[in-house]
Amino acid sequence: MSADSTVSQSDAVQLCNQQGGQLLQLNFLTDKELAVRILGHYRLINTSVWFEETAGPVSCSFLYLDENMVLSSSSNCKQTARVVCQTKRKNTKYSSDEVQIVFQKPEILISNQSVQYVGGEVTCTFPSPHLEFDNYTMYKGGYVVRQLNESESIYSLSIMSWNFEDNSDIMFLASAASDIDIFRCELQRKGSADVISKDVYAIPDDDRVSVFHASVRLFVPVDTSSALQTSYNLGGSLMDALRADIENRFYFIWATLFPSRNSALRLLRIKNVSLKNGETVNFLISFVTPLSGWKTTRRMKELLKNITREASTQISESRRKRQQKYIDFGTLEIQSEEFCTLGYSPDFQSIFAFEAATNGSTTYSEKLCITDSKPLLTGLCYTRTAAPAEIWQITVNPNCRFLFDPAFSDMTSLKNLSEISANMSNLENIASDVSNLTANSSALTVQDVVYTSIILQNVASIPIISQKTLNNVLNTFTNILEAPEDILTTAHDIGSSTTRIIESVEMITRNVTFNGTLYQNFQKGYAVSVADMSSDDPSVIGIQIQNTDENGVLSNETVDLITKETDIKTNVTNTGIVLPGTSIQGNTTRVVLSIYENTNLFRVKADNRRYQLNGKIASATLITDEQVVRDLGGRFVTSVYKPDNDTADSVCGFWNHSLYDTSGGWSTKGCQKKEVKDGRVVCQCDHLTNFAILLDVKGQTDVLDDNNRLALSVITIIGLSLSILGLGLTVLSFILFKPLRKGRGQQTLFNLALALLCAMIIFLAGMDRTESYYGCITVAALMHYFLLVSFMWMLVEGFLQYLRFVRVLGTYIPRFILKAAIPAWGLPLLPVIIVLAVDYDLYKGGNYYCWMSRSPFYYAFLIPVVLIILLNCIIFALVLKNLLSRPKGLQSNQSESKMAMMNLRAAVSIFILLGLTWIFGILAIEDARVVFAYLFTILTTFQGFFIFILFVAREKQFRNHWKKLCCQYCVEDKQKKYKQTTSSDGTSHGQAPLKIRNANYNSHTESTDFSLT
């Protein structure tokens, strides 16, 4: 095809086919600007457009849109398009290394009041020579800056300008920042859709210059043609109007935030107008600061928040007139390129503010989950050049997934009200509206309760509450109290809403302002009194309720305020609470006292339900010098309750908002039952909150009936007494008679006996001493420790039995006892210390005895004990197999019945020694609990006594030593006889050998000596 020939339509089609392209359409464009708009709107990437001209399509530059939506264009083609061809053909002639781009940052040189600047250039380097069929092009932000002619292969562009009227570096950087953008050097073969390109991001000072990506919504609709013209920088009235609006508003923001003019905030360029999200304008903003190293997450977050706030601020009438009012700046969203601050949640389909984070860091949403007050969303910050920082892998707090339920997507009046930000100007209206919307208690839904909890949380965030607002809040509170129980249960289970309502109402009540010194409000099922006083005149220190009317409404006739500690009437009071008079201290003191006759909101999730209410609830809050008092300094608050059920099984407790991931629950920490008087339970607690009398529904009282419990108690006392006696004699024997401590078997038995003795003494002497709070905790912690030590020594015994009966040869271990004693006495300290560090109240888990609560029992006791028992079971099985399958050559000539009896005695002895009797305790569940409870109690409590009988009393050397000690007149005779015996047996130190089927084992190298023959 000659250079001067006229292009025909068929020639262009043929050229497209030769390039492996796909012909899209013929004769569908009438001008170049329309071609630009269509390529962008339909995202026709890898698409070329030729225009008719005499030079021919091969030598004509064409419009081309690449995969990054960067548009290459030509200026010498005629305005009638003939062929549109889309191709993905690769250009392999050049490698990517042959195209280079470099940005040289500017430097400021100031001397003798003269200013110079050096640098600020972008340089493109292409292959040389420049072939006539290759296009070399420099782009800025997707638009052509310069297309090199055939004699050029290197091009440098000075992009940083200078303001000579102001020689400050701030103004220089601000001026230079106006040219911040992506610059691209691109090589393209004419007539081909493949390119080689390199990019650089031109920022004059990384430490002091930042680029922000911003977007705002438009007030007026925009047609497609105008949007595309703006997006591809083709000018027009819309572009001019948008630029004027943005520049005007950001000048106002800059002047407001930086009145000293020591920083610069400027519009860089408008990127595009998006029609996808309701006419949104996307643009770039530059910010220059005089401070180096200012870019911290806190400062960046604060700056972006201030810009967003000022953007939505009303401006003066004169400045408003100069704006075209195209843009709704109240919808401004602004993002940094270096710090993640905003993230789109696909689950909620909305933009959320996040804590500022750098690339690769985990960040959390500012919005909290309404259930546990933890971040609603979690994500990972990801940054890239010339693009807003993004938050990826956004996950939702599991406790707030219920918000995705379709029932919560319906717009209701309460939901709309929950999305309004509360402030001093609208607070009374919000409180009044929610009171009216919840007035029909029987018609309330789960969604209504959840949204009411959110509204009350918003109200509670305001530090000053008017009396009118509080009255409406308490009306709302009563409305929720009267809601159907199944609705309240579901609302609590899915969002802990009832707990958050209680917490919000308490906070709102504390912050109320009122005339005078006393505020009272009596509702159906609820009464509250707020008193302001001084230490010189403590007028109100308690509240009590004697009865209610037939409708359950409290009033002045049923509610009494207490001014002295002695005024509480235990004989007639249904519910009451009184503070110690000495707790009223400081210049100003506020006392908030409440009684809950209706306790429907105090709900615990089924999995966490250990206690249940056995009466009403009394609450006390003390605020001294504007600080909430948490600790009474050794003093006690007294509360009185008339229990709904028997008082014997009642315990005193309080409502802890933070339990179970802030869903709330009952705890007994710091509370104790003082007395039962006139059918009332009197409680004392060393802190302030909501108090109640409880029943332990997961306690140990429901395991066995009274007869079995009595029988097991008798067996326990007898067994422990005998075991303590036997273990005491065992330990005393080892202490008095040094020859008995020779050998690792005897030393292991001594340590085991000592640990068991300590555990049993503590159990028998202090296990039921529940009247002393700290004494009970001490007993439980010591029991925990010595039982774990006992099991560790049982494990050591198991290891010795393995060496003795299974391995047999090569069993010598130097310093065995030292190596065993360190972990056996040391490791059990770890779980005890951990439980004490987490919460020492976990060691007060029973009403009738001192022991651990359920959770630490599982993790800090049961798991290690079960592991040790499993190991010892394996060892026991191996030993038993060895005893029953010894080769014929090693068997004695004793009768089979004697051999069977000897093996049985050995098996039982080892079974007891290894603590395997505790298996029956683990099996004491469900229908078999009674049988296994008896087996466990008998075998475990008598374990120490069995050890004494089997391994001490039956041993001749032990008896001989005691005879020598007790019968001095026959010492010489017994010593002589004893020496003859030990000599004939071939053992040293007077130790008797273990004889099993005529096989002798020395206790110096093996385990505990058994004399079973």
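The rules behind these values
Residues numbered from 1 in each chain as written. Predicted model: local features only at pLDDT ≥ 70, side-chain atom pairs only at ≥ 80, totals over all residues. Heavy atoms only, no water. Helix = DSSP H or I, 4+ residues; strand = E, 2+ residues; numbered from the N terminus. Buried < 20%, exposed > 50% of the residue type's maximum accessible area, 1.4 Å probe, protein only. Contact = heavy atoms within 4.5 Å. Areas by Shrake-Rupley, 256 points an atom, 1.4 Å probe, with all protein chains shown as cover. Pairing = 2+ DSSP bridges. Axes fitted to C-alpha atoms, helices over the stretch in contact; angles between N-to-C directions. Phe/Tyr/Trp six-rings, centres within 6.5 Å; stacked < 30°, edge-to-face > 60°. Salt bridge = Lys/Arg side-chain N within 4 Å of Asp/Glu carboxyl O. pLDDT = per-residue confidence, 0-100. Patch = residues over 30% accessible without salt bridge, like charges linked within 9 Å, V, L, I, M, F, W, Y side chains within 5 Å. Lys, Arg positive; Asp, Glu negative; His and termini not counted. Charge placed at Lys NZ, Arg CZ, Asp CG, Glu CD. Disulfide = S-S within 2.5 Å. Arc of directions from axis to C-beta. Parallel < 35°, antiparallel > 145°, perpendicular 65-115°, else oblique. Left-handed = near helix turned anticlockwise from the far one by under 90°. Nonpolar A, V, L, I, M, F, W, Y, C, P; charged D, E, K, R; others polar.

Across its full length, the protein chain carries 26 helices and 39 strands. Buried positions account for 50% of the 1013 residues belonging to the protein chain. Contacts spanning at least 24 positions in sequence make up 70% of the contacts within the protein chain whose residues lie at least 6 apart. On the protein chain, roughly 46,800 Å² of surface is accessible, and the fraction owed to carbon and sulfur atoms is 52%.

Strand order in the open sheet formed by three strands is β6-β9-β12, with antiparallel pairing between adjacent strands. Looking along the sheet, the strands with just one partner apiece sit at the ends: β6 (100-104) and β12 (154-158). Taken pair by pair, the neighbouring strands of this sheet meet at an average axis angle of 15°, ignoring direction.

Before going further, it helps to spend a moment on the sheet that holds strand β17 (residues 280-288). Spatial strand order, β16-β17-β15-β18: four strands in an open sheet with antiparallel pairing. Where the open sheet ends on each side, the last strands, each with one partner, are β16 (264-274) and β18 (327-336). Pairs of neighbouring strands in the sheet enclose a mean axial angle of 25°, with direction left out of account. By the bridge criterion, six bridges tie strand β15 (residues 209-218) to β18 in an arrangement that is antiparallel. Across the sheet, the residue bridging to His-213 is Gln-335, located in β18. Packing of helix α6 (residues 297-311) onto the sheet brings it into contact with β15, β16, β17 and β18, and relative to β18 it is tilted by some 170°.

Turning to the packing of aromatic side chains, a few remarks are in order. Summed over all chains, the structure comprises 23 aromatic pairs. Aromatic pair Phe-477 and Tyr-526: ring centres 5.0 Å apart, planes at 80°, arrangement edge-to-face. Placement of the pair is Phe-477 in helix α11 (residues 467-481) and Tyr-526 in strand β25 (residues 526-533), with a sequence separation of 49 residues. Residue Phe-477 shares its accessibility class with Tyr-526, and that shared class is buried.

A few words on the pattern of salt bridges. With the rule as written, the count across this model stands at 14 salt bridges. The salt bridge partner of Asp-181 is Arg-269, with a shortest N-O separation of 2.5 Å. Taken together, the residues span a long stretch of sequence, with Asp-181 in the loop between α3 (169-177) and β13 (182-189) and Arg-269 in strand β16 at a distance of 88 residues. You can call Arg-269 buried: its relative accessible area is 19%.

To continue, consider the confidence of the model for the protein chain. Across the protein chain, the average pLDDT comes to 76, with 73% of residues at 70 or higher. For the protein chain, per-element mean pLDDT is lowest for strand β39 (residues 999-1001), which scores 34, and highest for α11, which scores 94. Counting contacts from residues 1-7, a segment whose pLDDT is below 50, to residues more than four positions away or on other chains yields eleven contacts. Every residue in residues 25-30 is under pLDDT 50, and counting partners more than four places away or in other chains gives 17 contacts.

Located in the positive-phi region is Ala-386, a residue other than glycine, with phi close to 60°. With respect to the element layout, Ala-386 can be found in the loop between β22 (377-382) and β23 (390-396).

Residues Arg-954, Lys-956, Arg-959 and Lys-963 make up a contiguous surface patch of positive charge. The class of Arg-959 is partly exposed, set by a relative accessible area of 37%.

Before going further, it helps to examine the environment of Pro-580. Along the chain, the position of Pro-580 falls in the loop between β28 (575-578) and β29 (589-596). Overall, the relative accessible area of 6% leaves Pro-580 in the buried class. The spatial distance from the C-alpha of Pro-580 to the C-alpha of Glu-565 is 6.8 Å, given a sequence separation of 15 residues. Sequence-distant contacts of Pro-580, that is, excluding residues within four places in its chain, are made with Glu-565, Arg-635, Phe-636 and Val-637.

Moving on to the pairing of β16. When you tally the buried positions in β16, you get eight out of eleven residues, the bulk of the element. Bridge count for β16 against β17 is nine bridges, and the pairing is antiparallel. In the strand pairing of β17, Ile-270 is matched with Phe-283.

With that settled, consider the state of the cysteines. Summed over all chains, the structure comprises six disulfides. Disulfide partner of Cys-124: Cys-185, at an S-S distance of 1.6 Å. Residues Cys-124 and Cys-185 share a disulfide whose torsion about the S-S bond is about -80°; that sign makes it left-handed. Of this pair, Cys-124 sits in strand β9 (residues 121-125) while Cys-185 sits in strand β13; the two residues are 61 residues apart in sequence, bridging distant segments of the chain.

So, on to helix α9 (residues 427-437). Inspection of α9 places Leu-427, Ile-430, Ala-431, Val-434 and Ser-435 among the buried residues, and these make up the whole buried set. For α9, the arc enclosing every buried residue in end-on projection is 130°, short of the 170-degree limit, so these residues lie on one face. Within α9, the exposed residues directed more than 90 degrees away from the buried face are Asn-429 and Asn-436. Each element contacted by the buried residues of α9 is listed here: α8 (413-418), α10 (446-460) and α11.

Bringing the packing of α9 against α11 into the picture now. Between α9 and α11, whose axes approach to 8 Å, the crossing angle comes to 25°. Judged by the inter-axis angle, α9 sits roughly parallel to α11. Where α9 crosses over α11, the two elements pack in a sense that is left-handed. Judged by residue contacts, Leu-427, Glu-428, Ala-431, Ser-432, Val-434 and Ser-435 of α9 engage Lys-468, Thr-469, Asn-472, Val-473, Asn-475, Thr-476 and Asn-479 from α11. Class assignment for the residues of the contact of α9 with α11 results in four nonpolar, seven polar and two charged.

Right, let's talk about the environment of Thr-489 for a bit. Note that Thr-489 resides in helix α12 (residues 485-495). A relative accessible area of 26% means that Thr-489 is categorised as partly exposed. For the pair formed by Thr-489 and Val-604, sequence separation is 115 residues and the distance between their alpha carbons is 8.7 Å.

Here β28 shows a buried face lined by Thr-575 and Ile-577 and a second buried face lined by Gly-576 and Val-578. Two strands pair when backbone bridges link them, and strand β26 (residues 542-545) and β28 are joined in this way by four bridges, in the antiparallel orientation. The residue bridging Ile-543 from the neighbouring strand is Ile-577, located in β28. Pairing of β28 with strand β32 (residues 637-641) involves four bridges; the strand directions are antiparallel. Opposite Val-578, over in β32, you have Thr-638 as the bridge partner.

A cluster of nonpolar side chains, namely Leu-725, Leu-729, Leu-732, Leu-736 and Leu-965, defines an oily patch on the protein surface of about 410 Å² accessible area. With four residues, helix α15 (residues 706-736) is the single largest residue contributor to the nonpolar patch. Within the secondary structure, Leu-729 sits in helix α15.

A separate point is the packing of α10 against helix α13 (residues 497-510). Axis separation between α10 and α13 bottoms out at 9 Å; the angle between their running directions is 25°. Taken together, α10 and α13 sit at an angle that is classed as roughly parallel. By crossing handedness, the relation of α10 to α13 is classed as left-handed. Touching Val-449, Val-450, Ser-453, Ile-454, Leu-456, Gln-457, Val-459 and Ala-460 of α10 are Ser-497, Arg-500, Ile-501, Ser-504, Val-505, Met-507 and Ile-508, all from α13. Here the residues of the contact of α10 with α13 are counted per class, giving ten nonpolar, four polar and one charged.

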